[in-house]
Amino acid sequence: MGRQEGGGGGGMIDTTSNELPDEGEGQGEGEGGGGGGGARRLRLHVEEGGIGVLTLCRPEKLNAWSWESSRQLGLLADRIRFDDTIRVVLLRAEGRAFCAGIDIKAPGGGITGRSGSERTRNYFEGIRWVHERFRAFAGLPQPVVAAVQGYCLGVGFELALMADVRIAADDAVFALPEARLGVAVDAGGDLRIAREAGAGWAKFLALTGRRIDAGTAHRLNLVQQVTGAGELEGAARSVAEEIAANAPLAVQSVKRDIDAFADAGMGAALDRVAMSAALTLTSEDIKEGYTAKAERREPRFDGK
């Protein structure tokens, strides 16, 4: 999907750019190089010992996600994929939150169209484009260990669920609040909860938007280990080092084989998710959901 400006599908960032903003560049929204419409959202550092540390680096925004975040994730996933010095990825975040959800003020936040139907189509293609970037990350040959602290909400929760192993601090809070705002879960997080915890829990969490703590997430098999906040980095790094010490061809084969079984049907389901997201993102209900949130009142949804 190319750059969208005015006309038949405005609103998106330049999806054709293959550049990343320089470190420290673009501290304000819309600033920075790279043609992607914003600051550096993720940073990759390759350490000795085979660990690629992928860091969400917008702590002042609670690492809120955007179209630009997805673009940068896709580019970094491509770099990681073909770097044979990286045996495992440690996904972490700066600040007090892993990712608090969508950054609604980021550039490209709203997609337009000349008609309701065209706008829905444009959202559908936009969400599919995001899914392709997420698929590149989730499908990395190298295992991904996520270290999660604080808020892990909405797309942040969905990103964490794409990791192969999740270590959570005891202050972590997880939720899929989308239905409370009038939109469908749009990156497959509910599908991955169904895979890990069963369809009943996936529906319970996605339909209510209820928050759960790290202990509950552990009991539901959504995280593999819970540790104190001060020990999170060390615990996650210890698991990453343990994986990196093993034979890389064997490790990658294990990941690939398990994913082939666990993710059977995921591709077709995600295509349905993209359409559900497009329909709800162009609804009146989502306008009401965000208006009610801004006005600190309960939303009044009409189902239209």
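Here is a short report on the structure shown in this document. (Residues numbered from 1 in each chain as written. Predicted model: local features only at pLDDT ≥ 70, side-chain atom pairs only at ≥ 80, totals over all residues. Heavy atoms only, no water.)

The next point concerns the overall build of the chain. In terms of regular secondary structure, the chain is built from 11 helices and 9 strands. Computed over the C-alpha atoms, the radius of gyration of the chain is 19 Å, within 12% of the 19 Å expected from 2.2 N^0.38 for a compact globule of 304 residues. In terms of its C-alpha atoms, the chain occupies a principal-axis envelope of roughly 55 × 40 × 35 Å. Taken over 304 residues, the chain has a buried fraction of 50%. (Helix = DSSP H or I, 4+ residues; strand = E, 2+ residues; numbered from the N terminus. Rg over C-alpha atoms; globule rule 2.2 N^0.38 Å. Buried < 20%, exposed > 50% of the residue type's maximum accessible area, 1.4 Å probe, protein only.)

For N221, which is not glycine, the phi torsion reads 70° and is therefore positive. Looking at the secondary structure, you find N221 in the loop between helix 7 (214–219) and strand 9 (225–227). Its relative accessible area of 44% is what places N221 among the partly exposed residues. Phi at R296 takes a positive value of approximately 55°, unusual for a residue other than glycine. Take R296: its relative accessible area is 79%, and that puts it in the exposed class.

Inspection of every chain in the model, using the stated rule, returns 0 disulfides. Unpaired in this structure, C57 has its nearest cysteine sulfur neighbour in C99, at a distance of 12 Å. Residue class for C57 comes out buried when judged on its relative accessible area of 12%. Among the cysteines around C99, which has no disulfide bond, C152 carries the closest sulfur, lying 7.3 Å off. (Disulfide = S-S within 2.5 Å.)

Moving on to the side chain of Q149. Here Q149 shows up in the loop between strand 4 (144–148) and strand 5 (151–153). Reaching out from Q149, the side chain makes a polar contact with the backbone oxygen of G95 at a distance of 2.9 Å. Ignoring anything within four residues of it in the chain, the contact list for Q149 reads A93, E94, G95, R96, A97, F98, A169, D171, A172 and L232. (Polar contact = N/O pair within 3.5 Å; in protein donor to acceptor, adjacent residues only side chain to side chain. Contact = heavy atoms within 4.5 Å.)

To continue, consider the packing of aromatic side chains. According to the stated counting rule, one finds 4 aromatic pairs in the structure shown. With a centroid separation of 6.3 Å and 45° between ring planes, the pair formed by W67 and W129 is classed as tilted. Of this pair, W67 sits in helix 1 (residues 67–81) while W129 sits in helix 2 (residues 116–138), placing them 62 residues apart in sequence. Residue W67 is classed as buried on the basis of its relative accessible area, which comes to 9%. Measuring from ring centre to ring centre gives 5.4 Å for W201 and F204, while their planes differ by 85°; the resulting arrangement is edge-to-face. Taken together, the residues span about one helical turn, with W201 and F204 both in helix 6 (residues 199–208) at a distance of 3 residues. Exposure remark for W201: the relative accessible area of 37% places this residue in the partly exposed category. Accessibility expressed as a relative area gives 31% for F204, which makes it partly exposed. (Phe/Tyr/Trp six-rings, centres within 6.5 Å; stacked < 30°, edge-to-face > 60°.)

Across the sheet, 6 strands lie side by side as 1-2-3-4-6-9; this open sheet has mixed pairing. Each edge of the open sheet is held by one strand with a lone partner, namely strand 1 (42–46) and strand 9. Here the strands of the sheet are splayed against their neighbours by 20° on average, with no regard to which way each runs. One ladder, built from 4 bridges, connects strand 4 with strand 6 (residues 165–169); its direction is parallel. Across the sheet, residue V145 finds its bridge partner in strand 6, namely V165. (Pairing = 2+ DSSP bridges. Axes fitted to C-alpha atoms, helices over the stretch in contact; angles between N-to-C directions.)

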